[in-house]
Each structure stands twice: as C-alpha cells, then as structure tokens.
Amino acid sequence: MSIADTSSVRPRVEPVLVTLPDSCRLAARLFGSEGAPSVLFVAGGDGTMLQWRGLIPDLCVDDAERELFAAAGCRVSLADGLWVAVYDARGCGWSSRSHGVCSTPGVAAGDALALAAALFGGPFHLVGHGLGAAVALELALAAGRLVRSLTLISAVVGGDGSRSAGGMRARRAADGAACAEDGVAREDGVARADGVARAEDRVARAGDDVSRCFAPAFAAAHPELVAHIAAEARDTARGEAELVRHGFNGMTAAEARAELLASLDVRARLGDVTAPTLVIHGEHDAVVPPGDGQALTEGIPGARLVSLDAGHAVTIERADDVAAAIGAHVLLHP
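Engineer: Got a sec to walk through the overall build of the protein chain? Specific residues and values, please.
Structural biologist: A tally of regular secondary structure across the protein chain gives 11 helices and 9 strands. Classification of the 334 residues of the protein chain by burial places 50% in the buried group. Long-range contacts, defined as pairs at least 24 residues apart, comprise 70% of the intrachain contacts of the protein chain with a sequence gap of at least 6. Total accessible area on the protein chain stands at roughly 14,300 Å², and carbon and sulfur atoms take up 53% of it.

Engineer: Run through the pairing of strand E6 (residues 124-129), naming residues and quoting values.
Structural biologist: Among the 6 residues in E6, 6 count as buried, and that is most of the element. What you see with E6 is no split at all: Phe124, Leu126 and Gly128 on one side and His125, Val127 and His129 on the other are buried throughout. Strand direction decides the pairing type here: strand E4 (residues 38-42) and E6, joined by 4 bridges, are parallel. When the sheet's bridge partners are listed, Phe41 is paired in E6 with Val127. Direction of pairing for E6 relative to strand E7 (residues 147-153): parallel, over a ladder of 5 bridges. By the bridge assignment, Leu126 is partnered in E7 with Leu150.

Engineer: Now, about the pattern of salt bridges: what can you tell me, with residues and values included?
Structural biologist: Applying the stated criterion to the full structure yields 9 salt bridges. Between Arg53 and Glu65 there is a salt bridge whose closest N-O contact spans 2.8 Å. A residue pair is termed long-range when its members are at least 10 positions apart, and Arg53 in the loop between E4 and helix H1 (63-71) and Glu65 in helix H1 qualify at 12 residues. Like Glu65, Arg53 is buried. For Glu232, the salt bridge goes to Arg53, with nearest N and O atoms at 2.8 Å. Of this pair, Glu232 sits in helix H7 (residues 223-245) while Arg53 sits in the loop between E4 and H1; the two residues are 179 residues apart in sequence, bridging distant segments of the chain. With a relative accessible area of 5%, Arg53 lands in the buried category. The network of salt bridges with shared partners includes Asp22, Arg90 and Asp111.

Engineer: Tell me about empty space enclosed by the protein, residues and numbers included.
Structural biologist: Tallied over the full model, the rule gives 1 cavity of 30 Å³ or more. For the largest cavity, the calculated volume is near 280 Å³. Residue assignment for the lining of the largest cavity shows that the elements contributing at least two residues are helix H2 (105-120), helix H3 (131-143) and helix H8 (253-263). In terms of residue count, the dominant contributor to the lining of the largest cavity is H8 (4 residues).

Engineer: Explain the side chain of His281 to me, using residue names and the numbers behind them.
Structural biologist: For His281, the location among the structural elements is in strand E8 (residues 277-282). Since its relative accessible area comes to 2%, His281 is described here as buried. Within the local environment of His281, its side chain forms a polar contact with the side chain of Asp285, the two groups lying 3.4 Å apart. Here Val288 takes part through its backbone oxygen, which lies 2.8 Å from a polar atom of the side chain of His281. Each residue touching His281, except ones within four places of it in the same chain, is listed here: Ser154, Ala155, Val288, Pro289, Pro290, Asp292, Gly293, Leu305, Val306, Ser307 and Leu308.

Cut-offs and rules
Residues numbered from 1 in each chain as written. Predicted model: local features only at pLDDT ≥ 70, side-chain atom pairs only at ≥ 80, totals over all residues. Heavy atoms only, no water. Helix = DSSP H or I, 4+ residues; strand = E, 2+ residues; numbered from the N terminus. Buried < 20%, exposed > 50% of the residue type's maximum accessible area, 1.4 Å probe, protein only. Contact = heavy atoms within 4.5 Å. Areas by Shrake-Rupley, 256 points an atom, 1.4 Å probe, with all protein chains shown as cover. Pairing = 2+ DSSP bridges. Salt bridge = Lys/Arg side-chain N within 4 Å of Asp/Glu carboxyl O. 1 Å grid on protein atoms, 1.4 Å probe; cavity = no way out; pocket = protein on both sides within 12 Å on 5 of 7 lines; lining within 4 Å. Points joined across faces, edges and corners; volume = space filled by probe spheres on them. Polar contact = N/O pair within 3.5 Å; in protein donor to acceptor, adjacent residues only side chain to side chain.

These figures capture arrangement, not role.
So, in structure tokens, the structure goes:
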C-alpha cells in the first residue's frame, strides 16, 4: 500500500489518497497535531468524511456551512490535541468507485485497518458512528491490541433483537418477493423489479431519512441546518439514481448499506472485544433504538455508556459533550 502526496500534507488542510492492496484509493484527511494520540473515525450514513463536521468543523466546505454548524453548537474541533483521520469509504465521496462498495463489515474493516496502517503506522484509537460503528467493532475484533480504545456512537447491534436491522431485513424481504413475481433479478442475487424506480424512490425518501436522524426539538430549533444536510442527501441519492439510469449494474452505496445492515448481528461476539469501549447513544434515537446501545454496553466487558438528550445525529446535536467524552476516553488509554 502507499500514500500519495504525503510530503505536502498539512494538518487541517491537505487531503491524502491512500492506495490499498487491491489498488482501490481511499480519500482521507488528517487534522490536529502529528505525534498526538492517533484516532481513526469511521463514518456510517453515506460513508463520507463529511459526517464528522459536527466534531471537526474544519471539514465544512465554506464559511456559510461552518456558520450553520456553529449556530447549532458545533464550534470546537475534537482534533485539538489529537491526530485525527477521517475518510470516504470505497465507492463513496472522493474514494475510488471502480472497485465497488463495501457490503459486509469485514470488507469495510479491512479497508479501515489498511488505511490506519498507512496513515499511523502503529496503534490507534477507533471511533465509529451508526453502521461505521459496526465496522469499527469488526476492526477492533480483528486488530486486537492495535486498537487502543473503541468508541461506538449510535451503534446498531443487529440480529432479530435489533429493531433497526429487523426493519431493514423485513423491507428487503418484501422487495425481493415483489421482484420475484416480476421475474427480474440482479447478478448479485438481490431481486428487484425496476432499478431506476427504486433509485428514484431513494431520492424521494432522502429528506425524510435525514429528518429522522434528529430529535424533534433540535430539528425545530435548527431547520436550516437540517434542510442543508437533507439537500446533500438528495444530491447523493440523485447521483446514484443517474448511475442506475445509465445502465450501472453493480451495487450502489445505498444498496450496500442496506445489505450490510440487514445481515448484521454482532451480539454473539461482543464478549470477545478487548479494547476499552465507550458507547454513546442518543436517548431519542429514532434510527437505532437506545436499546442497542444498552445491549452493547452489557455485552462488551467493561464498556461504559454515555446517554445523551439527542437523536441519531448525536455528534451534531450534542457535539461538545460527544467530543469531551471521546477525548477523555482516548487520553485514559494512551
């Protein structure tokens, strides 16, 4: 593996392209102070590094966007005092699309581990949100002592006991049954009646999906920020719809996330986690029920739960509290 243009990397500014063993290139950014504790952030959601803007305002694309996040309380960067890496998952954002997308936690964890090895060259701390937390958990199980500490935010447990994963599994089963009646199937075995219609349906749902991520009180207090993030989600969905419309036969990033969530079940392996673990969950999370956070805390030896007055987007709604909790957790386990 190799890192492109590392000699010119300046904290808070320059992007880095990391070439993985299969030649896929991941786009990453480094923030903070080199030599400080190394922390890798694994995004869920759309799989892009922009998900971390609440905790790292330097990711905002311009002053107007920074002001939107600042008005919601996202003013201080978690990267202060740490050496932080964020990245776009394969097939997402600025990372390679020619190598497909990650539809299993194992593949995504392998990418993250290779990225950490290239950027840090040694032990590191690990933070994941949503499905990114599932990837982080998989990585922690595989990497052992390389992972100094683990933070799981709004994390899904999976299996029949998880309402979030169960709901996705039921939706996928219903979609498959409807498609089977039409006799249309994809090469990857997931049946669908009309790929374009489904992609356009994801565009239509994108705004509502974003709204569900925020607690109602926060959304009412910060409508411009929620609308801004919803517009981004619609743009991403439109881009995937265009790919399908023009004959793309591979799995889209949205389909890969659905596949990953529907098959996820980590409950049986929670007892094998050795990294000191912090679990952060919003009390009003409508995407991943708070019960999943409690299950993680009970299943992982020594895990500690921080429950906050927020929804799924707790990294934005309670940015200062989340940053303080992560920073303290990292410094406790050098």
